[in-house]
Amino acid sequence: MARLVVQPSSPAAWEIKLKEGANSLGRNPANDFKLDDPSVSGSHCQIAVENGIAVIRDLGSTNGTYVNRAPVKEAVLQPGQTIHLGGVELMFYSDAPAYAGAAPPAAAPRPAPGAPPLPPPRAVGPARVARVSTTPPTALGPDHQPAPIAAPPVATAPSSAVGSGPCKHHPKTPGRYFCGHCQQFFCEICVTTRGLQKFCRYCGAECVPVQVQLQRPTAPKGFFARFPSAFIYPFRGSGLLVLLVSTFVLALVEYLGRSWFFIFLKIIAYGYLFSFMQNIIHSTANEEEQMPDLPGFDDVFGGAFRLAVTVLICFGVPIALVVLNFFGVFEASGSALIVTMVLGCLYFPMAFLAVAMKDTALAANPLVVIPAIFKVPLGYLVATIVVIGIFALRRYGDFATFFAQAQTYHTRHMSVLFKSFGLRALWSLASVYLLTVSMRILGLLYVTNKDKLGWYKH
């Protein structure tokens, strides 16, 4: 089995188990394995495993892919080699024999001329390694003659060691060796190798390999099985608090932006709304079961631009027909407006999902959206009906609360005033809840069908 240990020199090291076939690594949650580090590109590299041979291939990353500190575009990996993806260090392990056509892992390739030097890894404290002499130490016995001191105990794996357990110092990594003296499991990083034997770094005793019993992953649930959970998703963890805060922030920015003088605040409101929805989709694509934190305001103008372009691509035709009809340039029939509006509604959810996942407005083009719709027709139809229904319900509620609030301008009764404001606040909270549910549904549509969609395959 081929695997990677991420940040092996760190106490927070964790293990990636590579599957047979292609394994994509990068910062984007759509990859098979996400590396959340700014120096890692969205789609950084791919490791293909076939018949025990692992081949790493760079995917045009910004900071490059390095094997044994040498930049590579494509290379066969050997057990024990180090990989650097930006500032993230990984160690490659494999139970398969080394590939005969490649150099041994100890021979580190020299960097290519002119290649940018890779920064040295962070220094870590020296490990406590027990020094074992090649000759047994002696001591004076009762008859004043040198007597050999007992050698360190040799561990034998107990019957309970077959199940293994997490490494003592790296809990996210399974312990593949057992020290009978320490009575602890250790990973490859926490043992030292002499010849073909493994020794504990902390007491010097010989460690024995154990059979790691990995829990068989259950079959992933499909879209329809996970669909009902979208309606309780906003209340998981601190989701209710996030809903309350996001309702307040969106209502405040939208209220300040009602005047044309504050049109830029309106843009900020829609940009922040897009970032909020995109956060939920990314969190769902990353298999997170709780609401993400509120987004910042650093990309609100970019979010507003991506949202505006998506709406124009989806509803550009009916908008153009209405404008031409208003100025008397072209008189469009009512049926034409209805048909184009329905087609736009069918196109919008997948276009929005593609833009949110790829983080670019170019993803809303028909070459990406239309094939994706036909790859998951039934699930997409259900998601579209729910999403469009929620958006229509939100719009109807906005109109209803607007007319209810308009009555407060002509009343002198405080009870009517408080009821109107309370109704408006409750509907704002319900509106954000419905919006969260609809984005969760789109995220579930992607995460349960990402192999069919193939948006990040190279």
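For the structure, see preceding data.
A brief look at the structure comes next.

Let us look at the layout of surface pockets. Of the pockets and cavities examined, the second largest pocket occupies roughly 660 Å³. Together, 23 residues line the second largest pocket, and Pro29, Gln278, Asn279, His282 and Asp359 are the ones closest to its centre. When residues of the lining of the second largest pocket are traced back to their parent elements, those giving at least two are α3 (263-285) and α5 (334-358).

Right, let's talk about α5 for a bit. Here α5 contains 25 residues, and its C-alpha end-to-end distance of 35 Å stays within 8% of the 36 Å for a straight helix at 1.5 Å per residue. Of the residues one or two after α5, aspartate 359 is the one with positive phi, at around 60°.

Okay, the packing of aromatic side chains next. Enumeration over the complete set of coordinates arrives at 12 aromatic pairs. Taking 5.8 Å as the distance between ring centres and 40° as the angle between the ring planes, the aromatic pair formed by phenylalanine 348 and phenylalanine 352 counts as tilted. Highlighted residues: phenylalanine 348 and phenylalanine 352, both in helix α5, separated by 4 residues, approximately one helical turn. In this structure phenylalanine 352 comes out as buried when scored by relative accessible area, which is 1%. The interplanar angle of 80° and the centroid separation of 6.2 Å between the aromatic rings of phenylalanine 348 and phenylalanine 391 together place this pair among those described as edge-to-face. One end of the pair, phenylalanine 348, is in helix α5; the other, phenylalanine 391, is in helix α7 (residues 377-406), and 43 residues separate them in sequence. Classification of phenylalanine 348 by relative accessible area gives buried; the value is 11%. Linked through ring pairs, Phe274, Phe315, Phe348, Phe352 and Phe391 together constitute an aromatic cluster. Positioned above the aromatic ring of tyrosine 233, the side-chain terminus of arginine 440 is 4.1 Å from the ring centre.

Our next topic: the packing of α3 against helix α4 (residues 300-326). Packing of α3 against α4 leaves a shortest axis separation of 7 Å and a crossing angle of 85°. Comparing their axes, α4 and α3 come out roughly perpendicular. Across from Ile267, Ile268, Tyr270, Gly271, Tyr272, Phe274 and Gln278 in α3, the residues of α4 making contact are Val300, Phe301, Gly303, Ala304, Arg306 and Leu307.

Quick look at the pattern of salt bridges now. With the rule as written, the count across this model stands at 10 salt bridges. Salt-bridge contacts for glutamate 15 lead to arginine 3; the nearest nitrogen and oxygen are separated by 3.5 Å. You can see glutamate 15 sitting in strand β2 (residues 14-17) and its partner arginine 3 sitting in strand β1 (residues 2-6), a full 12 residues away along the chain. For the salt bridge of glutamate 15 with arginine 176, the shortest nitrogen-to-oxygen distance reads 3.5 Å. Taken together, the residues span a long stretch of sequence, with glutamate 15 in strand β2 and arginine 176 in the loop between β15 (174-175) and β16 (177-179) at a distance of 161 residues. Like glutamate 15, the residue arginine 176 is buried in the burial classification. Salt bridges sharing common partners tie together Arg226, Arg236, Glu287, Glu289 and Arg440.

Next up on the list: the sheet that holds strand β9 (residues 74-76). Judged by pairing direction, the sheet is mixed, and its 5 strands sit side by side in the order β4-β3-β5-β6-β9 without closing on themselves. Where the open sheet ends on each side, the last strands, each with one partner, are β4 (33-34) and β9. Of the strand pairs in this sheet, strand β3 (residues 21-26) and strand β5 (residues 45-50) are connected by 5 bridges, and their pairing is antiparallel. Pairing of serine 24 across the sheet is with glutamine 46, part of β5.

In this section: the pairing of β5. Pairing analysis gives 6 bridges linking β5 to strand β6 (residues 53-58), with the strands arranged antiparallel. Note on β6: the bridge partner recorded for glutamine 46 is arginine 57.

Let us look at the sheet that holds strand β17 (residues 184-186). To summarise the sheet geometry, strands pair through backbone hydrogen bonds and adopt either a parallel or an antiparallel arrangement. Reading across the sheet, the 5 strands line up as β17-β16-β20-β19-β18 and stay open at both edges, with antiparallel pairing between neighbours. Edge positions in the sheet fall to β17 and β18 (191-194), since each of these pairs with one other strand and no more. Neighbouring strand axes in the sheet, compared pairwise and without regard to direction, differ in orientation by 40° on average. Two strands pair when backbone bridges link them, and β16 and strand β20 (residues 206-209) are joined in this way by 3 bridges, in the antiparallel orientation. Looking at β20, one finds that tyrosine 177 is bridged to proline 209.

Judged by nonpolar contacts, the single largest core of 53 residues is most densely connected at Met350, Phe352, Leu353, Met357, Ile441, Tyr446 and Trp455. Elements that contribute at least two residues to this core include exactly α2 (239-256), α3, α4, α5, α6 (366-375), α7 and α8 (414-447). For this core, the leading source of residues is α8, giving 12 residues. Once you skip the residues sitting within four places of it in the chain, isoleucine 441 turns out to touch Phe223, Phe227, Ala230, Ala383 and Val386. By size, the runner-up hydrophobic cluster in this structure holds 23 residues, among which are Leu25, Ile56, Ala75 and Leu85.

Conventions used here
Residues numbered from 1 in each chain as written. Predicted model: local features only at pLDDT ≥ 70, side-chain atom pairs only at ≥ 80, totals over all residues. Heavy atoms only, no water. 1 Å grid on protein atoms, 1.4 Å probe; cavity = no way out; pocket = protein on both sides within 12 Å on 5 of 7 lines; lining within 4 Å. Points joined across faces, edges and corners; volume = space filled by probe spheres on them. Helix = DSSP H or I, 4+ residues; strand = E, 2+ residues; numbered from the N terminus. Expected span 1.5 Å × (residues − 1). Phe/Tyr/Trp six-rings, centres within 6.5 Å; stacked < 30°, edge-to-face > 60°. Buried < 20%, exposed > 50% of the residue type's maximum accessible area, 1.4 Å probe, protein only. Lys NZ or Arg CZ within 6 Å of the ring centre and 35° of its normal. Axes fitted to C-alpha atoms, helices over the stretch in contact; angles between N-to-C directions. Parallel < 35°, antiparallel > 145°, perpendicular 65-115°, else oblique. Contact = heavy atoms within 4.5 Å. Salt bridge = Lys/Arg side-chain N within 4 Å of Asp/Glu carboxyl O. Pairing = 2+ DSSP bridges. Core = buried A, V, L, I, M, F, W, Y, C linked by side-chain atoms within 4.5 Å.

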